[in-house]
There are 2 protein chains.
Amino acid sequence: MLDTYSGATRVYFIIGDPIAQAKAPRYFTQALRANGVDAVVVPAHVGSADLAAFFATATAMRNCDGVVVTVPHKFDALAYCEGATPRARSIGGVNVMRRTPTGGWWGDQVDGEGYLAGLRAKGCDPAGRKVLLVGAGGAGSAIARSLADAGVAWLALHDADPARRDELLAKLADSAVARPAGSADPTGFDIVINATPLGMGPDDALPLPEARLAPGQFVGEVVAQPEVTALIAAARARGCRTMTGMDMFNGVLDRMVDFYAPRS
Amino acid sequence: MLDTYSGATRVYFIIGDPIAQAKAPRYFTQALRANGVDAVVVPAHVGSADLAAFFATATAMRNCDGVVVTVPHKFDALAYCEGATPRARSIGGVNVMRRTPTGGWWGDQVDGEGYLAGLRAKGCDPAGRKVLLVGAGGAGSAIARSLADAGVAWLALHDADPARRDELLAKLADSAVARPAGSADPTGFDIVINATPLGMGPDDALPLPEARLAPGQFVGEVVAQPEVTALIAAARARGCRTMTGMDMFNGVLDRMVDFYAPRS
């Protein structure tokens, strides 16, 4: 990369708290370069209190073409967008922002479409299936939106915080399939997805009662680090098919490249 | 570089207006990595009006360990330092800033020492010599400070803006060798240095009357892009020894590494 890296290289930030675990600096930089963009994706470890200062600078930095948004800023970042796609507005969050012609930001949320791509790459088409989604945060909201739009039979939502679950249900009010789940019990679902950060830490509890997983169920994860989380390991041990956070990451990465550097 | 680049990579900015010409993103990144620092030096194109916003963010970004400062921000950046070296304070400017233990910034100005290293690498010891320095900006001020401290016989200063020249002379009031030059005429000097940006643009005027250069004089440059400026080409054609802006850059780069990643 340093062969072409220079003062003229275009800058993209990925902002989060924490940020050290983020894979985008390496892989999204590679993907942009593979698509002919002389760019570097720069990790920015910024807390919520400093988000306004961060966006003041990113906007003022004339060589900054994009901001990728990760935990915990996906909802708050929408306020810094001049406009955003309908799917981003419907869930009130963005994970990618690119420049508008006037120097502001246009946002989208591609986590959901990236998740669907990852599911399909693993041979799992959610249309007509009963889905349990655990976690109604930034990624969970985007995945819920995409699943609802992809024709699932049921989309049962669980969150440790019922108010947050109900907020997401309200955002999905246009969909007939979304409903609250009373618990994270996977019994009876075709597809079970963890969209909480549980699994990132070595001492984390599992996000759902894994002993109730059954062969034939499909278990999806959003946590990409470690690549095989305790949930994925338990699901595989019980004969479930699985999709890891890296499978999601690869699907999201493709859509990020399309957003920033559309291929003809 | 992408083999080790990740969300845990430490960030250094180089801030300037313009910034596309800057060589630090590539070469300072290489130098830090060669010294065992997993870092990326990120170009930040920020105008003077946005300097406060930039420093608010750089300070808040917990993975940002340094800011390198280039034209036109070297003087203004001092205000964002908690403290700075005596040489930086004496000329009122910094070009490198690293974290203090409390999360603020400690500044230094290594352009002058880097310039001296470049001169010496070219076999030119300024001690006892008569020097004409053209340009009293950020780099010129640092070079003047170091030349005055290196025991030159005379240090004649010229700037198209006499007030700026006199400001620099006032900062060098502790030195007996600094004096105003009535013009940029190089006649009679042993060493002649361009410290203005003239030479960066293809249509720039030369910073001094090159027809008056004489064999045996030593001509130094700060402009590194193009590597052979019109001044350097004219000096070589007249039999002068020369030092390019890249020679300065290499000297400064060594001192920047020492500042950020001291070698034992």
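As the structure is a computational prediction, the values presented were derived from the model and not from experiment.

Caption draft 1: Here's a closer look at the overall build of chain A. Helices and strands together make up the secondary structure of chain A, namely eight helices and 12 strands. In summary, chain A has a C-alpha radius of gyration of 18 Å against a globular reference of 18 Å for 264 residues, a match within 12%. Every one of the 264 residues in chain A was classed for burial, and the buried ones make up 53%. Contacts in chain A between residues far apart in sequence, at least 24 positions, make up 65% of those at least 6 positions apart.

Caption draft 2: Layout of the pairing of strand β1 (residues 10-16) of chain B. Residues and elements named next belong to chain B. Of all the seven residues making up β1, six are buried; the element is thus mostly covered by neighbouring parts of the structure. Examined bridge by bridge, β1 and strand β2 (residues 39-45) share seven bridges and lie parallel to one another. The residue bridging Phe13 from the neighbouring strand is Val42, located in β2. As a crossover connection, the stretch from β1 through helix α1 (residues 24-34) into β2 is right-handed. The pairing of β1 with strand β3 (residues 64-69) spans five bridges and is classified as parallel.

Caption draft 3: Quick look at the relation of the copies chain B and chain A. When chain B is brought onto chain A, the operation consists of a screw motion whose angular component is 180° and whose axial shift is 0.0 Å, with 0.0 Å RMSD remaining. Expressed as an axis order, the relation between the two copies is that of a two-fold axis. The share of interface residues of chain B whose copies in chain A are also at the interface is 100%, consistent with both copies meeting through the same surface.

Caption draft 4: Expanded view of the sheet that holds β3(B). Residues and elements named next belong to chain B. Ordered by their spatial adjacency, six strands build an open sheet running β2-β1-β3-β5-β6-β4, and the pairing between neighbours is mixed. Lying at the two open borders of the sheet, with one neighbouring strand each, are β2 and β4 (83-84). Along the sheet, α1 makes contact with β1, β2 and β3, crossing β2 at roughly 160°.

Caption draft 5: Looking closely at the interface of chain B and chain A. Listed by partner, the interface residues are 32 residues for chain B and 32 residues for chain A. Within the residue set of the side of chain B that touches chain A, elements represented by two or more residues are α1, β2 and α2 (51-60) of chain B.

Caption draft 6: How the structure looks around the packing of helix α4 (residues 111-121) of chain B against helix α5 (residues 138-149) of chain B. Residue and element names in this part refer to chain B. Their axes nearest at 7 Å, the elements α4 and α5 cross at an angle of 65°. When the axes of α4 and α5 are compared, the crossing they make is right-handed. Contact with α4, carried on its side by Asp111, Gly112, Glu113, Tyr115 and Leu116, involves Ala139, Ala142, Ile143, Arg145 and Ser146 of α5 and no other residues of that element. Residue classes in the contact of α4 with α5 are distributed as five nonpolar, two polar and three charged.

Caption draft 7: Summary view of the sheet that holds strand β11 (residues 218-221) of chain B. All names here are of chain B. Taken in spatial order, the six strands of this open sheet run β9-β8-β7-β10-β11-β12, and their pairing is parallel. Looking at which strands have only one partner, the edges of the open sheet turn out to be β9 (178-180) and β12 (241-243). Strand-to-strand twist of the sheet, defined as the mean angle between neighbouring strand axes without regard to direction, takes the value 20°. When strand β7 (residues 130-134) meets strand β8 (residues 154-158), the two strands line up parallel, connected through five bridges.

Caption draft 8: The environment of B:Ala176, seen in detail. Residue and element names in this part refer to chain B. Considering the arrangement of structural elements, one finds Ala176 in the loop between α6 (162-171) and β9. Judged by C-beta crowding, with 10 C-beta atoms within 10 Å, Ala176 ranks as exposed. Sequence separation of Ala176 and Ile19 is 157 residues, and the distance between their C-alpha atoms is 37 Å.

Caption draft 9: Summary view of helix α7 (residues 230-237) of chain A. Residue and element names in this part refer to chain A. For α7, the complete set of buried residues consists of Leu231, Ile232 and Ala235. The arc that holds every buried residue of α7, seen down its axis, measures 95°, which confines them to one face. In this structure, the buried residues of α7 make contact with β10 (191-194), β11 (218-221) and β12 (241-243). Downstream of α7 by one or two residues, Gly239 has phi in the positive range, about 85°.

Caption draft 10: Structural context of the packing of helix α1 (residues 24-34) of chain A against helix α8 (residues 245-260) of chain A. Residues and elements named next belong to chain A. One can describe the packing of α1 onto α8 by two numbers: an axis separation of 10 Å at closest approach and a directional angle of 50°. Between α1 and α8, the angle is such that the two are oblique. The handedness of the crossing between α1 and α8 is right-handed. Two secondary-structure elements touch here, α1 through Tyr27, Phe28, Ala31 and Leu32 and α8 through Leu253, Met256, Val257 and Tyr260. By residue class, the composition of the contact of α1 with α8 is eight nonpolar, no polar and no charged.

Caption draft 11: Expanded view of the pairing of strand β2 (residues 39-45) of chain A. The buried fraction of β2(A) amounts to seven of the seven residues, a majority that puts the element mostly inside the structure. The alternating pattern of β2(A) places A:Ala39, A:Val41, A:Pro43 and A:His45 on one face and A:Val40, A:Val42 and A:Ala44 on the opposite face, and all of these are buried.

Caption draft 12: The domain arrangement of chain A, seen in detail. All names here are of chain A. You can read the domains of chain A as domain 1 (10-108) and domain 2 (112-248). When each unit is reduced to the centre of its C-alpha atoms, the spacing between domain 1 and domain 2 is 25 Å. With 10 residues of domain 1 at the interface, the matching set in domain 2 holds 10 residues. Of the residues that constitute the side of domain 1 that touches domain 2, the class distribution is three nonpolar, four polar and three charged.

Caption draft 13: Examining α8(A) more closely. Between the first and last C-alpha of α8(A) there are 22 Å, a value that for 16 residues agrees with the 22 Å anticipated at 1.5 Å per step. Where α8(A) is concerned, the buried positions are A:Gly245, A:Asp247, A:Met248, A:Phe249, A:Gly251, A:Val252, A:Arg255, A:Met256 and A:Tyr260.

Caption draft 14: Main features of the confidence of the model for chain A. Overall, the predicted model of chain A reaches an average pLDDT of 96, with 99% of residues at or above 70. In the predicted complex, the global pTM is 0.89; the interface-specific ipTM is 0.85.

Caption draft 15: Spotlight on unusual backbone geometry. Residue and element names in this part refer to chain A. Here the bond from Asp17 into Pro18 is cis, since omega is 5°, no more than 30 degrees from zero. Within the fold, Pro18 resides in the loop between β1 (10-16) and α1. The omega torsion of the bond from Gln225 to Pro226 falls at 5°, within 30 degrees of zero and hence cis. Residue placement: Pro226 occurs in the loop between β11 and α7.

What counts, and where the lines are drawn
- Within any chain, residue numbers begin from 1 and follow the written order of that chain's sequence.
- Following the order in which they are written, the chains are lettered starting with A and the ligands numbered starting with 1.
- Totals for whole chains, interfaces and linings use every residue, but because this is a predicted model, local features are given only for residues with pLDDT of at least 70 and side-chain atom pairs only at 80 or more, for both listing and counting.
- Under the scheme used here, helices are H or I runs from DSSP no shorter than 4 residues and strands are E runs no shorter than 2 residues, and both carry numbers assigned from the N terminus.
- The size measure is the radius of gyration over C-alpha atoms, and the globule rule it meets is 2.2 Å times the number of residues to the 0.38 power.
- Counting other C-beta atoms within 10 Å of its own, a residue is labelled buried from 20 upward, exposed at 12 or fewer, and partly exposed in the gap between, with every C-beta atom placed from the backbone.
- Residue pairs qualify as contacts under a 7 Å threshold applied to their C-beta atoms, which are placed from the backbone.
- Two strands pair under a simple rule: DSSP has to find at least two bridges between them.
- Handedness of a crossover is defined as follows: with both strands directed away from the viewer, a clockwise route from the first strand across the helix to the second makes it right-handed.
- In superposing the copies, a least-squares fit is computed on C-alpha atoms, taking residues whose pLDDT is at least 70 in both.
- To get an axis, a line is fitted to the C-alpha atoms, and for a helix only the part in contact is used. The angle between two axes follows their N-to-C directions and goes from 0 to 180 degrees.
- The hand of a helix crossing depends on one turn: near helix anticlockwise from the far one by less than a right angle means left-handed, and clockwise means right-handed.
- Residue type decides the class: Asp, Glu, Lys and Arg count as charged, Ala, Val, Leu, Ile, Met, Phe, Trp, Tyr, Cys and Pro as nonpolar, and the leftover types, Gly among them, as polar.
- The directions considered for the arc are those from the helix axis to the C-beta atoms.
- Orientation labels follow simple angle bins: below 35 degrees gives roughly parallel, above 145 gives roughly antiparallel, 65 to 115 gives roughly perpendicular, and whatever is left gives oblique.
- Throughout, the edges of the domains are those of an automatic or database domain assignment.
- Each helix should span, by expectation, one fewer than its residue count multiplied by 1.5 Å.
- Predictor confidence is given residue by residue as pLDDT, running from a minimum of 0 to a maximum of 100.

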